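# Examination of the molecular architecture
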Amino acid sequence: MTKNTTDIDIGQFRKADHPIEPIFWQRWSPRAMSGAPISDAELMTMLEAARWAPSSYNSQPWRFLYAKRGSANWDTFFGLLTGGNPKWCSNAAVLIVIVARDFLDAIKAPAITHMFDAGAAWANFANQGARMGLVVHGVQGFDYAKAKAALGVPDDYTICAMVAVGRPGPLDKLESSFHEREKPNPRKPIAEWAYEGRFRAG
Ligand SMILES: Cc1cc2nc3c(=O)[nH]c(=O)nc-3n(C[C@H](O)[C@H](O)[C@H](O)COP(=O)(O)O)c2cc1C
């Protein structure tokens, strides 16, 4: 039986320097997807995980707009993708556009952290999906202005990112130009981005 690209030993590619819950280094972003659907229950479980993300003033400013492959909305969402993304997203089961409201009703002021909060929701969503054995892949390569118009996103919402969700697939589901990258990538050491005290250049 052909192996899915998720059937690899992630520990051969990644090693945490300090003890953490394994999900944090085991989640990665494959592109090979089988084209099979995911169930509504699976999607709701992932959205439920997103739901419990923390946010400033508990404002929960994120909105997840989604389209299932084969549904009436699919072509609109798929048509937003740019660059090489349509080539591998064509086998996704669900495409999502995450947007976040930029105004905080609680204090009647612009929301400074709305994209930060939406990012927390996305991380919960992605980690939950990875635990369920699904592909969950963030996408920046799409037409943001077109998304705003095509999906009727109001002016007080910022378009944050798209996400492709699907069932894992074998490497031959992926165009050859993506094969080399179809593996977990490393991370910078903590010392490069966490400083005690003041900011340090470099
Ligand atoms: C917000 C966001 C946007 C991304 N945009 C794209 C994209 O447009 N195309 C793509 O192939 N991968 C995209 N990625 C995947 C990243 O390259 C990937 O998450 C990063 O290299 C870290 O790898 P990992 O997710 O496997 O740990 C995106 C990821 C995020 C979180």
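## Focus on helix 2 (residues 40–51)
A rise of 1.5 Å per residue sets the reference length of helix 2, with its 12 residues, at 16 Å; its end C-alpha atoms lie 16 Å apart and thus fit the reference within 8%. Those residues of helix 2 that fall on the buried side of the exposure criterion are L43, M46 and A50. The buried residues of helix 2 occupy an angular sector of 65 degrees when the element is viewed end-on, so they sit on one face. For helix 2, the exposed residues set more than 90 degrees away from the buried face come down to A41, M44 and E48. For helix 2, the secondary structure elements touched by its buried residues are strand 1 (62–68), strand 2 (94–101) and helix 5 (114–131).

## A few points about the site of the ligand
Taken together, W28, S29, N85, H137, G138, V139, Q140, G141, A161, P184 and N185 make up the full set of residues adjacent to the ligand. For the shell around the ligand, the residue count by class is four nonpolar, seven polar and no charged.

## What about the pairing of strand 6 (residues 157–166)?
Where burial is concerned, most of strand 6 is hidden: seven out of the 10 residues are buried. In the sheet, strand 2 pairs with strand 6 via eight bridges, with the strands oriented antiparallel. Note on strand 6: the bridge partner recorded for I96 is V163. Sheet analysis places strand 5 (residues 135–139) next to strand 6, joined by five bridges and oriented antiparallel. Each bridged residue has a counterpart across the sheet, and for V139 the counterpart in strand 6 is M162.

About the cut-offs
- Residues numbered from 1 in each chain as written.
- Predicted model: local features only at pLDDT ≥ 70, side-chain atom pairs only at ≥ 80, totals over all residues.
- Helix = DSSP H or I, 4+ residues; strand = E, 2+ residues; numbered from the N terminus.
- Expected span 1.5 Å × (residues − 1).
- Buried ≥ 20, exposed ≤ 12 C-beta atoms within 10 Å, placed from the backbone.
- Arc of directions from axis to C-beta.
- Contact = placed C-beta atoms within 7 Å.
- Near = placed C-beta within 6 Å.
- Nonpolar A, V, L, I, M, F, W, Y, C, P; charged D, E, K, R; others polar.
- Pairing = 2+ DSSP bridges.

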